[in-house]
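Structural overview for review
Residues per chain are reported as follows:
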Amino acid sequence: MTNGYAAPVLRWYAGHARDLPWRRPGASAWSVLVSEIMLQQTPVARVLPAHAAWLDRWPTPPALAAAGPGDAVRQWDRLGYPRRALRLHATATILTERHGGQVPASLPDLRALPGVGGYTAAAVASFAFGQRHAVLDTNVRRVLARLVRGEGLPPRTASVAETRLAEALLPAAPGRAARWSVAIMELGALVCTAARPDCASCPVARQCAWRRAGSPDGPARPAKPRYPGSDRECRGRLLAVLRNAAGPVPAGQLGAAWPHPEQRDRALRGLVADGLATPLDDGSYALPGVA
């Protein structure tokens, strides 16, 4: 498929791209990988300070591998979905032991890392190494659904047809393909947003099948579950107690962090099962690797 969208989108990106540290010339592949893990289900505004602090403390995989997994969880702080911190620590260990302390460039090697799926592997290979891969995040899928297929929103999960479309639109030159991937992603983040797309600012509005069709609504999406009072909030409260403690925490201190015993015990069991908390022989709990 001839990509008639690339030139205007790339011109737009040249003038409107955000200055993000993992996109700057000279950014390490480690910086790109850390950013992609942090950006999973987390907004850029929250990731920016966390990414800077992480790279300041652990600028290379061997630096993180030399720390304990509990240090990674503590540094992760309140970024959310803290298992990502454990996966990054495990990844740093693998990179140190098997890849000379470097992030590998090949998709199979990237896919073998903990917590790295198809999207993250393609993103790192494209953005860190300038390779030619389809990078299908939520923003890209939404832009292509509207621009090419005339749909307001893409399906909840990526289909084979979406992947083939994204691959067909990749420019032939790897460097240009990588830049197209980040440009179309940025267009979805800043202009072709889910709720309030700014079609007047879109560089390909005249070519957009969705706009030509009258911008029909997409399928209704179920409301996100409430966070206040949820098991996620309970887990976060308990983990915060463990993070803020210098050592093991008595069970009674954890008990005071949440008023509902059954929910608290369920959340604590979940933290233990996920490797985020370690029960000790004296009945106390600690972050992983904290004696």
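Here goes a summary of the coordinates provided. Bear in mind that the values here come from a model prediction, so they are computed numbers and not experimental data.

Attention now moves to the overall build of the protein. Across its full length, the protein holds 15 helices and two strands. Structurally, the protein occupies a C-alpha span of about 65 × 45 × 30 Å along its principal axes. Looking at the protein residue by residue over its 291 residues, the buried ones come to 44%. For the protein, restricting intrachain contacts to residue pairs at least 6 apart in sequence, the fraction spanning at least 24 positions comes to 64%. Side chains of the protein give 36 positive and 21 negative charges; the mean places of these two sets differ by 8 Å.

Applying the stated rule across the entire model yields two aromatic pairs. For the pair tryptophan 54 and tryptophan 58, a centre-to-centre distance of 4.8 Å together with 75° between the ring planes defines the contact as edge-to-face. An identical accessibility class is assigned to tryptophan 54 and tryptophan 58; each is buried. Between tryptophan 54 and tryptophan 76, the aromatic rings sit 5.7 Å apart at their centres with planes inclined by 90°, giving edge-to-face as the arrangement. Here the residue tryptophan 54 occupies a position in helix H3 (residues 44–57), and tryptophan 76 occupies one in helix H5 (residues 69–76), the gap between them amounting to 22 residues. Tryptophan 76 shares its class with tryptophan 54; the two are buried. Three or more aromatic residues joined by ring pairs form one cluster here, namely Trp54, Trp58 and Trp76. The ring of tryptophan 210 carries arginine 146 above its face, with NZ or CZ at 4.4 Å from the centroid.

With that out of the way, let us pick up helix H10 (residues 160–168). Those residues of H10 that fall on the buried side of the exposure criterion are Glu162, Leu165 and Ala166. Projected down its long axis, H10 shows its buried positions confined to an angular sector of 95°, all on one face. What points out from H10, more than 90 degrees from its buried face, is the exposed set Val160, Ala161 and Arg164. Contact partners of the buried residues in H10: helix H9 (138–147).

Moving on: unusual backbone geometry. The phi torsion at aspartate 77 lies on the positive side, around 55°, for a residue other than glycine. Relative accessible area serves as the criterion here: at 42%, aspartate 77 is assigned to the partly exposed category. Its identity as a non-glycine residue notwithstanding, tyrosine 81 has a phi of 50°, on the positive side. Secondary-structure assignment places tyrosine 81 in the loop between H5 and helix H6 (83–98).

Procedures and definitions
Along each chain, residue indices are assigned from 1 in the same order as the chain's sequence is written. Per-residue local features of the predicted model are confined to residues with pLDDT of at least 70, and side-chain atom pairs are confined, for both listing and counting, to 80 or more; whole-chain, interface and lining totals are unaffected and use all residues. Side-chain numbers here rest on the full set of heavy atoms in the structure, without hydrogens or water. Helix numbering and strand numbering both begin at the N terminus, where a helix is a DSSP run of H or I of at least 4 residues and a strand a DSSP run of E of at least 2. Note on exposure labels: buried denotes an accessible area under 20% of the residue type's maximum, exposed denotes more than 50%, and partly exposed covers the range between, all computed with a 1.4 Å probe on protein chains only. Any two residues having at least one pair of non-hydrogen atoms within 4.5 Å are treated as being in contact. His residues and chain termini do not enter the charge count, which takes Lys and Arg as positive and Asp and Glu as negative. Every charge is mapped onto a representative atom, which is NZ of Lys, CZ of Arg, CG of Asp or CD of Glu. Each Phe, Tyr or Trp ring, with Trp reduced to its six-membered ring, pairs with another whose centre is within 6.5 Å; inter-plane angles below 30 degrees give stacked pairs, above 60 give edge-to-face pairs, and intermediate values give tilted ones. Only when the NZ of Lys or the CZ of Arg is both within 6 Å of the ring centre and within 35 degrees of the ring normal is a charge said to sit over the ring. The arc refers to the directions leading from the helix axis to the C-beta atoms.

Any link to function would need more than the numbers given here.
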